[in-house]
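Structural description and commentary
The chain contents come next:
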Amino acid sequence: MGLLRLLLALSVVAAHSHTILGLKFVGGPIAVQSFFIISGFYMSLILNEKYVGVNNSYRLFITNRFIRLFPIYWIILIATVLACIAFGLITKGQSFSRLDSYLSVKFNLLSFSYLIASNIFIFGQDVVMFMGIRPENGTLFFTTNFWNTNPRLDSFLMIPQAWSLEIELIFYLIAPFILKRGLKIVASIIVLSFLLRLFIYNYLGLQNDPWTYRFFPTEIIFFLLGYVSFNIYLKLKTVVISTKLNQIILFYIVSLTFLYPYFPSIKSDWFPFSVRESVYFVSIFLSIPFLFHFLKRNKLDNQIGELSYPVYISHVLVGLVSKSLPFVFLRKGWAIALFTIIVSFLLNKLIAAPIEKYRQSRLK
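Residues numbered from 1 in each chain as written. Predicted model: local features only at pLDDT ≥ 70, side-chain atom pairs only at ≥ 80, totals over all residues. Heavy atoms only, no water.

**Notes on the overall build of the protein chain**
Defined as follows: Put simply, DSSP H or I for four residues or longer makes a helix, DSSP E for two residues or longer makes a strand, and each gets a number counted from the N terminus. Our radius of gyration looks at C-alpha atoms and nothing else; its globule reference is 2.2 Å times the residue count to the power 0.38. Here, residues are in contact when the closest pair of their heavy atoms is within 4.5 Å. Computed with the Shrake-Rupley method and a 1.4 Å probe, the accessible areas treat only the protein chains shown as cover for residues. This count recognises Lys and Arg as positive and Asp and Glu as negative, with His and chain-terminal groups excluded. Note that the charge is assigned to NZ on lysines, CZ on arginines, CG on aspartates and CD on glutamates.
Along the protein chain, the regular secondary structure elements total 14 helices and two strands. Its C-alpha radius of gyration of 21 Å places the protein chain within 12% of the 21 Å reference for a compact globule of 364 residues. By principal-axis analysis of the C-alpha atoms, the protein chain measures approximately 65 × 50 × 50 Å. In the protein chain, the proportion of contacts linking residues at least 24 apart, taken out of those at least 6 apart, comes to 75%. For the protein chain, the accessible surface area stands at approximately 17,500 Å², while carbon and sulfur atoms represent 69% of it. Within the protein chain, the 14 negative side-chain charges are centred at a point lying 8 Å from the centre of the 32 positive side-chain charges.

**Side note on the side chain of E166**
To keep it simple, the criterion reads: Remark: exposure states derive from per-residue accessible area (1.4 Å probe, protein chains only) relative to the maximum for the residue type, with buried under 20%, exposed over 50%, and partly exposed in between. Salt-bridge detection follows one rule: a side-chain nitrogen of Lys or Arg within 4 Å of a carboxyl oxygen of Asp or Glu. Polar contact is defined as a pair of N or O atoms within 3.5 Å, subject to the rule that within protein one atom must be able to donate a hydrogen and the other to accept it, and that residues adjacent in sequence are counted only when both atoms are side-chain atoms.
When you line up the elements, E166 lands in helix α7 (residues 163–179). Of the side chains bearing the opposite charge, R214 lies closest to the buried E166, which forms no salt bridge; the N-O distance is 10 Å. Separated by 2.9 Å, the side chain of E166 and the backbone nitrogen of G124 make a polar contact. A distance of 2.8 Å separates a polar side-chain atom of E166 from the backbone nitrogen of D126.

**Here we look at the pattern of salt bridges**
By the definition in use, this model includes six salt bridges. R359 is the partner of E356 in a salt bridge, and the nearest nitrogen-oxygen pair spans 2.5 Å. Linking E356 with R359, this pair stays in helix α14 (residues 333–361), spanning three residues, or about one helical turn. Taking the relative accessible area as the measure of exposure, E356 reaches 29% and is therefore partly exposed.

**Comments concerning the side chain of Q125**
Its place among the elements puts Q125 in helix α6 (residues 125–128). The class of Q125 is buried, set by a relative accessible area of 0%. Side chain to side chain, Q125 and Y73 meet in a polar contact 3.0 Å long.

**What to know about a nonpolar patch on the surface**
Selection criterion: Two distance rules govern patches: like charges are joined within 9 Å, and nonpolar side chains (Val, Leu, Ile, Met, Phe, Trp, Tyr) within 5 Å, applied only to residues with over 30% relative accessible area and no salt bridge.
Taken together, the side chains of L21, V321, L325, F327, F329, W334, L338, F339, I342, F345, L346 and L350 make up a nonpolar region of the molecular surface, amounting to roughly 1,100 Å² of accessible area. Among the elements that take part in the nonpolar patch, α14 stands out by supplying seven residues, more than any other. Relative to the helices and strands, F345 is located in helix α14. Judged by relative accessible area, which is 49%, F345 ranks as partly exposed.

**Topic: helix α13 (residues 308–324)**
Here is the rule we go by: For a helix, the expected span equals 1.5 Å multiplied by the residue count minus one.
The terminal C-alpha atoms of α13 lie 25 Å apart, and with 17 residues this matches the ideal 24 Å at 1.5 Å per residue to within 8%. Along α13, 13 of the 17 residues are buried, which leaves the element largely enclosed by surrounding structure.

**A short note on the packing of aromatic side chains**
Stated formally: Paired rings are identified among Phe, Tyr and Trp, the last through its six-membered ring, by centres lying within 6.5 Å, and are further divided according to the angle between planes into stacked (under 30 degrees), edge-to-face (over 60) and tilted (the rest). The criterion for a charge sitting over a ring is simple: Lys NZ or Arg CZ within 6 Å of the ring centre, and within 35 degrees of the ring normal.
Inspection of the entire model under this criterion finds 34 aromatic pairs. Aromatic side chains Y51 and F61 sit 5.4 Å apart centroid to centroid with 85 degrees between the ring planes, which places their arrangement in the edge-to-face category. Here F61 lies in helix α3 (residues 58–90) and Y51 lies in the loop between α2 (28–49) and α3, a separation of 10 residues in the sequence. A single burial state applies to Y51 and to F61, both of which are buried. Counting every residue linked through ring pairs, the aromatic cluster contains F194, F222, W270, F271, F273 and F281. When the ring centre of Y172 is taken as origin, the NZ or CZ atom of R65, which lies over that ring, is 5.0 Å away. Its guanidinium or amino end placed over the ring of W163, R214 lies 4.7 Å from that ring's centre, counting from NZ or CZ.

**Digging into the layout of surface pockets**
Let me state the cut-off plainly: Using only the protein atoms, space was sampled on a 1 Å grid; points where a 1.4 Å probe fits but cannot get out form cavities, open sets with protein on both sides within 12 Å along at least five of seven lines form pockets, and lining residues are those with an atom within 4 Å of a point. Grid points are joined across faces, edges and corners, and a volume is the space filled by probe spheres set on the points. Residue polarity follows a fixed list, in which Ala, Val, Leu, Ile, Met, Phe, Trp, Tyr, Cys and Pro are nonpolar, Asp, Glu, Lys and Arg are charged, and the others, Gly among them, are polar.
Of the volumes computed, that of the largest pocket is approximately 1,300 Å³. Lining the largest pocket are 44 residues, with R5, Y42, R65, R68 and E306 sitting closest to its centre. Secondary-structure elements contributing two or more residues to the lining of the largest pocket are α2, α3, α7, α11 (275–295), α12 (299–306), α13 and α14. Of the residues in the lining of the largest pocket, the class split is 24 nonpolar, seven polar and 13 charged. By volume, the second largest pocket amounts to about 760 Å³. If you go around the second largest pocket, you meet 39 residues; those closest to its centre are H16, P29, D209, Y213 and R214. Only α1 (2–16), α2, α11 and α13 provide two or more residues apiece to the lining of the second largest pocket. The element that contributes the greatest number of residues to the lining of the second largest pocket is α13, accounting for six residues. For the lining of the second largest pocket, the per-class residue count stands at 21 nonpolar, nine polar and nine charged.

Purely geometric numbers; function is a separate question.
This is the structure:
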């Protein structure tokens, strides 16, 4: 599923840089929520096959997940701060880029500590999307629409897209307790999560981001759909599936990802998702078992998939640097995507690969 994961990561890149050679793919929100489904599948897989027997340790599972995410995140965080300081020096203090927000507010100790801690440890970044800040005294307050606040609190995040990592981390923390309870419990949580989404969307009238996109109690449904998808995969393991059928499914999901923007967006007033969003989620959910069964031993596809996380986490920094340089072509979506892939390859080679060896060495 490496190609699909990279295309979803590039969907987020395209969303933040307009297009890549005219391509928008599925857009940021759909890509992130599709990632949640894939993450739920992989967590179900490793909890079922890797963290069993002598490795059946909650502490081992959680620390291995943290070790997977944090090193690359911290490297990009440090690089972003240094880049912002460099911009300030180059412009003689006229602009420090993402640090400008910090210079526009009279902080109090609580709000400053919270924002610094959330930038360092990731936890707390999704809550940022539900709050605002008063520039005259730095007081934080809850809001139903963070888009209407000024300055927006998410502008204080050095890696703004990393809010989704916290959603992932929260799921990791609870996954062993949920996914090992069986399909009935998971199905019950899926129903409750969807009913909560309908309640928020229709009864409370909260039909805007972040309520439709970043609220963990309603986003957990995507992770758990990944668990259901994993159970379908378990059934397929004993079935002989023709290569041609697998190739058709791969072609279908890749084509759907490319052509998604060209399908009409038909939507009812009461349902939170449009028809094309629903079709795409169902397609991801049903295709994952076949794609994993087909490609799990394909080294090239696995290597392509390993680029997805560093592409996702580094592309805003690459775009920030590209747009500050005096070369117009570097501001194009294709250039940002290309240099992001190059940076991601280096991150994997120099950072992720040695860390992965260490992670695997911890398993008995």
